[in-house]
Amino acid sequence: MSQTKVKAGEGYVEIGLRNRIAEGARGVQDDLNKLSQKTLALGASLAAASAGLLVAPIKSAARLEDTIDKFDVVFGESSQEMQKWARVTGESMSVPQESMLGMLSGMQDLLVPMGVLPERASRMSQTLTSLSADLASFNGLQTSDVFNDMMAAMTGSGEVMKKYGVILSEAAVKQELLSMGMDPKSADNQAKAIARLNIMVRGTTAAHGDAERTAGSFSGRMRALVSVLSDATGIIGGALIDDMSALLSVTVSGVTA
């Protein structure tokens with residue numbers, strides 16, 4: 001074989017080897033690109049999942065923060081004392097703190113503008129909040145739904161109480177006022193509110209204490225679990241909300257700029 005043919009053959013082999021190396025490199029690059037895309041997709045999925053896990057606690061903490069702000073304004077100097085009552089009572093009745101604070105402040109904010117003195121309104125709010133939890137437990141209902149009925153009843157919409165076995169008609173309220181030694185014609189809104197409360201408490205004696213009484217039952221333990229998880233979510237969110245607030249401030253400033 002001549003030297004020229006050998007060199008030509010070597011050149012052919014070298015070109016073929018280069019082609020195979022180039023093809024191999026392109027294949028590796030393609031695999032790397034695919035892996036990179038999958039990694040990015042996985043990262044995005046993980047980021048979305050992480051964000052989703054953070055959203056619930058942050059929203060819960062934000063709601064609790066708003067609820068406490070309203071609570072402090074509504075109860076003023078007695079806010080700390082009422083918060084303590086809400087915490088102790090909520091734990092015993094398996095009602096989340098946000099719900100307890102919201103019901104108390106909501107009822108107080110209803111009664112005081114009606115003319116009920118703040119201190120008396122606070123005691124009435126405690127009674128009606130506890131009664132809402134007991135009636136919900138006794139009748140297998142949501143506490144928030146029962147409380148909404150209570151709010152309506154205190155403003156004179158007595159029909160909503162029939163489902164709980166309470167007749168809160170205008171005639172019943174007038175009779176209660178007479179029993180209180182008051183003339184129905186001259187009774188003010190505070191007197192009427194007290195009369196309604198008396199009728200509601202007296203007409204629901206079977207349900208009194210039911211939330212605590214059934215704490216050991218399956219439904220009671222489920223209520224306790226939901227309450228604990230709700231409170232825990234708010235606590236976790238509270239630890240995150242300051243950092244998120246700072247981040248939002250920076251984001252808003254950047255967008256504005």
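The preceding data block contains the structure.
Caption draft 1: Representation of unusual backbone geometry in the model. In this model, Ser-94 sits at a positive phi of 60°, which is unusual for a non-glycine residue. By relative accessible area, Ser-94 is classed as buried at 13%.

Caption draft 2: Structural view of the packing of aromatic side chains. One pass over the structure, following the stated rule, counts one aromatic pair. Summarising the aromatic geometry, the rings of Phe-71 and Phe-75 are spaced 4.6 Å apart at their centres and angled 40° between planes, so their arrangement reads as tilted. Linking Phe-71 with Phe-75, this pair stays in helix 1 (residues 3-75), spanning four residues, or about one helical turn. Residue classification places Phe-75 among the buried residues on the basis of a relative accessible area of 6%.

Caption draft 3: Quick look at the pattern of salt bridges. By the definition in use, this model includes six salt bridges. Ionic pairing is found between Glu-170 and Lys-174, a salt bridge with its closest N-O pair at 3.6 Å. Here the residue Glu-170 and the residue Lys-174 both occupy positions in helix 6 (residues 170-179), the gap between them amounting to four residues, near one helical turn. Measuring nitrogen to oxygen at the nearest pair gives 2.7 Å for the salt bridge that ties Glu-176 to Arg-202.

Caption draft 4: Representation of the packing of helix 3 (residues 97-114) against helix 4 (residues 118-139). With their axes 8 Å apart at the nearest point, helix 3 and helix 4 run at an angle of 135° to one another. Between helix 3 and helix 4, the angle is such that the two are oblique. Once helix 3 is placed against helix 4, the crossing between them reads as right-handed. On helix 4, the residues that touch Met-100, Met-103, Leu-104, Met-107, Gln-108, Leu-111 and Val-112 of helix 3 are Pro-118, Ala-121, Ser-122, Met-124, Ser-125, Gln-126, Leu-128, Thr-129 and Ser-132. Tallied by class, the residues present in the contact of helix 3 with helix 4 amount to ten nonpolar, six polar and no charged.

Caption draft 5: Focus on the nonpolar core. Ranked by size, the top nonpolar core spans 43 residues in total, and within it Met-107, Leu-111, Met-124, Met-150, Met-154, Met-161 and Met-200 carry the most contacts. Contributions of two or more residues to this core are made by helix 1, helix 2 (79-93), helix 3, helix 4, helix 5 (143-154), helix 6 and helix 7 (189-202). Excluding its chain neighbours within four sequence positions, the residues that come into contact with Met-150 are Met-107, Leu-128, Leu-131, Ser-132, Leu-135, Met-161 and Met-200.

Caption draft 6: Structural detail: the layout of surface pockets. The computed volume of the second largest pocket comes to approximately 180 Å³. Along its surface, the second largest pocket is lined by Ala-153, Gly-156, Gly-158, Leu-168, Ser-169, Glu-170, Val-173, Lys-174, Leu-177, Pro-184, Lys-192 and Arg-196. Breaking the lining of the second largest pocket down by element, the ones donating at least two residues are helix 6 and helix 7. Sorting elements by how many residues they give to the lining of the second largest pocket places helix 6 first, with four residues. The residue inventory of the lining of the second largest pocket, partitioned by class, reads five nonpolar, three polar and four charged.

Caption draft 7: Molecular detail of helix 5. For helix 5, spanning twelve residues, the distance from its first C-alpha to its last is 16 Å, which sits close to the expected 16 Å at 1.5 Å a residue. Contacts made by the buried residues of helix 5 are with helix 3, helix 4 and helix 7. The positive-phi residue at the C-terminal boundary of helix 5 is Gly-156, with phi of around 110°.

Caption draft 8: The arrangement of the side chain of Ser-105 in detail. Mapped onto the secondary structure, Ser-105 falls in helix 3. A distance of 3.2 Å separates a polar side-chain atom of Ser-105 from the backbone oxygen of Gly-102. Those residues in contact with Ser-105 that sit more than four places away from it in its chain are Lys-70, Phe-71, Val-74 and Phe-75.

Caption draft 9: Representation of the environment of Ala-207 in the model. When you line up the elements, Ala-207 lands in the loop between helix 7 and helix 8 (210-213). You can call Ala-207 buried: its relative accessible area is 2%. Ignoring any residue separated from it by four or fewer positions in sequence, one finds Ala-207 in contact with Asp-134, Leu-135, Phe-138 and Arg-213.

Caption draft 10: Inspection of helix 7 at higher detail. When the terminal C-alpha atoms of helix 7 are compared, their 20 Å separation across 14 residues agrees well with the 20 Å that a helix rising 1.5 Å per residue should span. Considered for burial, the residues of helix 7 that qualify are Gln-190, Ala-191, Ala-193, Ile-194, Ala-195, Arg-196, Leu-197, Ile-199 and Met-200. For helix 7, the secondary structure elements touched by its buried residues are helix 3, helix 4, helix 5 and helix 6.

The rules behind the values
- Residues numbered from 1 in each chain as written.
- Predicted model: local features only at pLDDT ≥ 70, side-chain atom pairs only at ≥ 80, totals over all residues.
- Heavy atoms only, no water.
- Buried < 20%, exposed > 50% of the residue type's maximum accessible area, 1.4 Å probe, protein only.
- Phe/Tyr/Trp six-rings, centres within 6.5 Å; stacked < 30°, edge-to-face > 60°.
- Helix = DSSP H or I, 4+ residues; strand = E, 2+ residues; numbered from the N terminus.
- Salt bridge = Lys/Arg side-chain N within 4 Å of Asp/Glu carboxyl O.
- Axes fitted to C-alpha atoms, helices over the stretch in contact; angles between N-to-C directions.
- Parallel < 35°, antiparallel > 145°, perpendicular 65-115°, else oblique.
- Left-handed = near helix turned anticlockwise from the far one by under 90°.
- Contact = heavy atoms within 4.5 Å.
- Nonpolar A, V, L, I, M, F, W, Y, C, P; charged D, E, K, R; others polar.
- Core = buried A, V, L, I, M, F, W, Y, C linked by side-chain atoms within 4.5 Å.
- 1 Å grid on protein atoms, 1.4 Å probe; cavity = no way out; pocket = protein on both sides within 12 Å on 5 of 7 lines; lining within 4 Å.
- Points joined across faces, edges and corners; volume = space filled by probe spheres on them.
- Expected span 1.5 Å × (residues − 1).
- Polar contact = N/O pair within 3.5 Å; in protein donor to acceptor, adjacent residues only side chain to side chain.

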